[in-house]
Amino acid sequence: RLIVLFSVFFTQAFIAVLCFIFYFRALSQSSDDFIKMGVMKRCGGFFFKQMPPLLRILVLIQLVQILWLVLDVWVFGALEDSGYQSDCWESKDLRLVSAICLGLWIFQVSLGKCALED
């Protein structure tokens, strides 16, 4: 599960960088530039319009993965009666990684909310 979380995180980061590049590319153009558009500009426009919803979906997928990780490590691992995932609680590194992942996800969503407010 950590490898999937890792790959979703870096896919999300790559798409966020692409959105940033597309946004600054569109800022440098005037409305006259969009009268006659070539195939490359149309493809760029398509990706510019489709990337932010995909990014939101990846953030939600990441939320599910992180909550699953936190539940496995902190909730089920802390229960002494439960034999389920008891070794997760034993690993200090896994507890640290799960706490850092949750903190970074909360920070990322907070930055997104701050960017949306005018």
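All values derive from a computational prediction rather than experimental measurement.

About the cut-offs
Residues numbered from 1 in each chain as written. Predicted model: local features only at pLDDT ≥ 70, side-chain atom pairs only at ≥ 80, totals over all residues. Heavy atoms only, no water. Helix = DSSP H or I, 4+ residues; strand = E, 2+ residues; numbered from the N terminus. Buried < 20%, exposed > 50% of the residue type's maximum accessible area, 1.4 Å probe, protein only. Contact = heavy atoms within 4.5 Å. Areas by Shrake-Rupley, 256 points an atom, 1.4 Å probe, with all protein chains shown as cover. Patch = residues over 30% accessible without salt bridge, like charges linked within 9 Å, V, L, I, M, F, W, Y side chains within 5 Å. Salt bridge = Lys/Arg side-chain N within 4 Å of Asp/Glu carboxyl O. Expected span 1.5 Å × (residues − 1). Phe/Tyr/Trp six-rings, centres within 6.5 Å; stacked < 30°, edge-to-face > 60°.

Participant: Describe the overall build of the protein chain, with residues and values.
Facilitator: Within the protein chain one finds four helices and zero strands. When the helices and strands of the protein chain are listed from N to C terminus, the series reads α-α-α-α. Considering the protein chain as a whole, with its 118 residues, one finds that 20% of them fall into the buried category. Put simply, of all contacts in the protein chain between residues at least 6 apart along the chain, 70% involve residues at least 24 apart. For the protein chain, the accessible surface area stands at approximately 8900 Å², while carbon and sulfur atoms represent 71% of it.

Participant: How would you explain a nonpolar patch on the surface if you had to name every residue and give the values?
Facilitator: Residues V17, F20, I21, Y23, F24, L27 and F48 make up a contiguous nonpolar surface patch of about 690 Å² in total accessible area. By residue number, the principal contributor to the nonpolar patch is helix α1 (residues 2-27), which donates six residues. When you line up the elements, F24 lands in helix α1. By relative accessible area, F24 is classed as partly exposed at 44%.

Participant: Tell me about helix α4 (residues 92-116), residues and numbers included.
Facilitator: Compared with an ideal rise of 1.5 Å per residue, which puts 25 residues at 36 Å, α4 spans 36 Å between its outermost C-alpha atoms and is within 8% of the ideal. For α4, the set of buried residues is L94, R95, S98 and W105.

Participant: Could you give me a rundown of α1, with the residues and numbers involved?
Facilitator: With 26 residues, α1 should reach 38 Å at 1.5 Å per residue; the first-to-last C-alpha distance of 37 Å fits that figure. Three or more residues of α1 are buried, namely L5, V8, Q12, I15, C19 and F22.

Participant: Can you explain the packing of aromatic side chains? Please cite residues and give values.
Facilitator: In total, this model carries four aromatic pairs according to the counting rule given. On the numbers, 4.6 Å between centres and 65° between planes, the contact of F6 with F10 is edge-to-face. Note that F6 and F10 are positioned in helix α1 at a spacing of four residues, about one turn of the helix. F6 sits in the exposed class, given a relative accessible area of 52%. Ring centres of F20 and F24 lie 4.7 Å apart, and the angle between their planes is 75°; on these two criteria the pair is classed as edge-to-face. One end of the pair is F20 and the other is F24, both in helix α1 and four residues apart, which spans about a single turn. Look at F20 and you get exposed, because its relative accessible area is 51%.

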